[in-house]
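Okay, here's what each chain looks like letter by letter:
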Amino acid sequence: MRAGKLIAVAVAAALAFSTTACAEDSDSGSTGDTGTATSDTIKSGLKVAFLPKQVNNPYFDTSDNKGGKVAVEEFKGSYSETGPSEASPSAQVSYINTLSQQGTNVIAVSANDKDAICGALNEARKAGAKVVTYDSDTKPECRDLFINQATSEGIAKVQIKLISEAIGADGGEIAILSATANATNQNAWIEMMKTELAKPEYSKLKLVDTVYGDDDDQKSFQEAQGLLAKHPNLKGIISPTTVGIAAAGRYLSGSTYKGKVQLTGLGTPNQMKAYVKDGTVKAFALWNPADLGYLAAYAGASLASGVIKGKEGDKFKAGKLGEFTVGKDGTILLGDPFTFNASNVDQFNF
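A brief look at the structure comes next. (Residues numbered from 1 in each chain as written. Predicted model: local features only at pLDDT ≥ 70, side-chain atom pairs only at ≥ 80, totals over all residues. Heavy atoms only, no water.)

**Some points on the packing of helix H2 (residues 93-101) against helix H3 (residues 118-126)**
- The N-to-C vectors of H2 and H3 enclose an angle of 5°; their axes lie 9 Å apart at closest approach. Considering their axes alone, H2 and H3 lie roughly parallel with respect to each other. Residues Val93, Ile96, Asn97 and Ser100 of H2 form the contact with H3, whose own contacting residues are Ala120, Leu121, Glu123 and Ala124.
- By residue class, the composition of the contact of H2 with H3 is five nonpolar, two polar and one charged. (Axes fitted to C-alpha atoms, helices over the stretch in contact; angles between N-to-C directions. Helix = DSSP H or I, 4+ residues; strand = E, 2+ residues; numbered from the N terminus. Parallel < 35°, antiparallel > 145°, perpendicular 65-115°, else oblique. Contact = heavy atoms within 4.5 Å. Nonpolar A, V, L, I, M, F, W, Y, C, P; charged D, E, K, R; others polar.)

**Section: the packing of helix H1 (residues 58-74) against helix H9 (residues 289-304)**
- In the contact formed by H1 and H9, the axes pass within 7 Å of each other and the chain directions differ by 40°. The angle between H1 and H9 falls in the class oblique. Relative to H9, the crossing made by H1 is right-handed. In contact with Tyr59, Thr62, Ser63, Lys66, Gly67, Gly68, Val70, Ala71, Val72 and Glu74 of H1, H9 contributes Pro289, Ala290, Leu292, Gly293, Tyr294, Ala297 and Tyr298.
- When its residues are assigned to classes, the contact of H1 with H9 shows 10 nonpolar, five polar and two charged. (Left-handed = near helix turned anticlockwise from the far one by under 90°.)

**Quick look at the nonpolar core**
- In this structure, Phe75, Ile147 and Trp287 are the most contacted members of the largest nonpolar core, which totals 83 residues.
- Looking at this core element by element, the count peaks at 10 residues for H9. (Core = buried A, V, L, I, M, F, W, Y, C linked by side-chain atoms within 4.5 Å. Buried < 20%, exposed > 50% of the residue type's maximum accessible area, 1.4 Å probe, protein only.)

This is the structure we're talking about:
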């Protein structure tokens, strides 16, 4: 398990976008007859498909069905979501092939692995599809645009800051409960967290372990349990995945470790409200996943309609979120994560 206006409800935080140029980009970038487009108009009738790391995941349910679908309906396209039930490096390949065969104009994919799906994505691009990665990227040469929810540095900083504040001045041992071992975004965040931990102000925090729950609720629960058995002096867990943090919260809240072992990471308000209110979690962070999906849909449709070419400096409008500019290496930056705590978590519903 990856600028405009962050959380559309009551949060003001900058979101940003950028897109990557593809060597095979054509002027229209679309397949079939999907209507006409002017230089600043999205074509009607575009087929836009979302391919998350796994279906039936609360995070992707929000990004795809409450964000991407809304955007596609606004510009009168055809929306669909498909994908594997389990997150694994190659599980998305067959779905990409099917979408390509169906003449999909825009494929928005959150990659389980930066390499494993590249061949299938490039075949889809050759067939005429525009590929937008969101949440978790592939290699840049395998897609046209990447919608980045936040910088790795920004995500790392907020998570280390939150776990440090939760544990207190004495510090202690901490561990990371990640998603899959190959997830591009997770690994980037973990490396930046290690860099952040090397700073003098965090000298009393010691990272002793990193484990992987594979974005599976039960495995994540068991990995959290295993961390405490293996590291009896553990003071905190960081889980930069919505499945992992919820599973760890469920374990800690029903154990003797509640309030003694601190938990933070990336979660949705609806998942984490109970754990904030019962004292298991003091604070956690995230962006609005609905905005992430919404922006991914508009960026892909703008490219498929010829509104933008995917070059640095290109500008396009993304509905209610306003205008965005393509940045370096085709990355569209969503912005800094927002921190949720007892004072504000009830204000949000996703």
